[in-house]
Amino acid sequence: MPVEEFVAGWISGALGLVLGHPFDTVKLLGFFKGMSFPIASIAVVNSVLFGVYSNALLALTATSHQERRAQPPSYTHVFIAGCTGGFLQAYCLAPFDLIKVRLQNQTEPRAKLGSPPPRYRGPVHCAASIFQAEGPRGLFRGAWALTLRDTPTMGIYFVTYEWLCRQSTPDGQNPSSATVLVAGGFAGLTSWVTATPLDVIKSRMQMAGLKQRVYRGLLDCMVSSARQEGLGVFFRGLTINSARAFPVNAVTFLSYEYLLHSWG
Ligand SMILES: CN(C)C(=N)NCCC[C@H](N)C(=O)O
C-alpha cells in the first residue's frame with residue numbers, strides 16, 4: 001500500500017489548519033487556543049482521508065497517483081473513493097470532533113475572579129471526563145451523524161476538485177498551481193455547503209450528553225430542531241464554514257499535489 005499519500009495528506013492537512021486557525025479560534029470563542037490539539041487531530045484525519053482516497057482509487061482503477069493525469073479515473077470511481085475516504089476519516093475524527101464541539105460550547109466565563117471554573121480545562125481533561133462519565137462509547141457520540149455528513153460530502157469534494165482541474169487543464173498535463181488553488185478552494189466550499197445541515201445536527205447530538213435535551217436519534221433531532229427553530233437552523237454557521245473552507249482547502253490541495261509531485 002503506497003504510504004506517501006498518507007504523509008502528504010498529513011502535511012497538507014497541517015498547513016491547511018494553520019491557515020484555518022484564525023477562523024477556528026473565532027468559531028470556538030477562544031476555547032480552542034493552541035495548535036497542538038488541532039495538529040494531532042485534523043492533520044492525522046486529513047492523512048487518513050487522502051491516503052484512503054488514493055489507495056481506494058488505486059484498487060478501483062489500478063493507476064497510481066502519477067499515472068492518473070494520463071489515464072484519468074471516471075467520476076464514479078472518484079466519487080466512490082472519496083466516499084470511502086470520508087467514511088473512514090469520520091470514525092477517526094469522531095472523538096476529536098466531540099472534544100472540539102464540547103469545548104466550543106463551554107459557556108462558563110473564563111478566568112474571571114470568583115467565577116466557577118470551566119467544566120473542561122482543555123482537550124485532555126475533556127476526553128478524560130467524557131470517558132469517566134460515559135465510557136469509551138461516549139467518545140463516539142454523534143459519530144453516526146458525522147459519518148452521514150462526511151461520506152457523501154467527501155465524494156463531492158474530490159469530484160469537484162477533479163472536475164475543475166480537468167476543465168482548465170489540457171489532457172494528460174498536470175494542473176497549474178493556480179488551477180489547483182481554485183479547484184481546491186471550490187472543492188472545500190462545495191463540500192462544506194452540502195455538509196452544513198448535517199454538521200448542525202451532528203453538533204447538537206454531540207452536545208446532548210451535556211444539555212438537558214435528549215434526542216431519540218438523528219431524525220428526531222432534525223425534526224425537533226426544524227420545528228422549534230425553522231428550516232434556517234440547517235444553515236447555521238454556513239458563512240464562517242464557507243469563508244474558512246476556501247483558503248484552507250486551496251492550500252491543502254496545493255501542498256498535497258506539490259509534495260506528491262516532488263517525491264516523484
Ligand atoms: C465535512 N466536510 C465537508 C469536510 N470536511 N470537507 C473536506 C474538507 C476537509 C478539510 N480538512 C477542512 O477542514 O475543510
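A short tour of the structure in this document, coming up. None of the values given here were measured: they were computed from a predicted structure.

1. A short note on the overall build of the protein chain
- Counting secondary structure elements, the protein chain contains eight helices and zero strands.
- Start at the N end of the protein chain and walk to the C end: the helices and strands fall as α-α-α-α-α-α-α-α.
- Since a compact globule built from 264 residues should have a radius of gyration of about 18 Å, the 19 Å found for the protein chain is in line with a globular shape.
- Projected onto its principal axes, the C-alpha coordinates of the protein chain cover approximately 65 × 35 × 30 Å.
- Classification of the 264 residues of the protein chain by burial places 48% in the buried group.
- Once local pairs closer than 6 in sequence are excluded, the contacts in the protein chain between residues at least 24 apart make up 78%.
- Counting every atom, the protein chain has about 12900 Å² of accessible surface; 66% of that belongs to carbon and sulfur.

2. Description of the environment of A195
- Among the structural elements, A195 can be located in helix α6 (residues 177-207).
- Given a relative accessible area of 4%, A195 falls into the buried group.
- Spatially, the C-alpha atom of A195 lies 28 Å from that of V3, the residues being 192 residues apart in sequence.
- What A195 contacts, discounting residues up to four positions off in sequence, is R149 and T153.

Analysis parameters
Residues numbered from 1 in each chain as written. Predicted model: local features only at pLDDT ≥ 70, side-chain atom pairs only at ≥ 80, totals over all residues. Heavy atoms only, no water. Helix = DSSP H or I, 4+ residues; strand = E, 2+ residues; numbered from the N terminus. Rg over C-alpha atoms; globule rule 2.2 N^0.38 Å. Buried < 20%, exposed > 50% of the residue type's maximum accessible area, 1.4 Å probe, protein only. Contact = heavy atoms within 4.5 Å. Areas by Shrake-Rupley, 256 points an atom, 1.4 Å probe, with all protein chains shown as cover.

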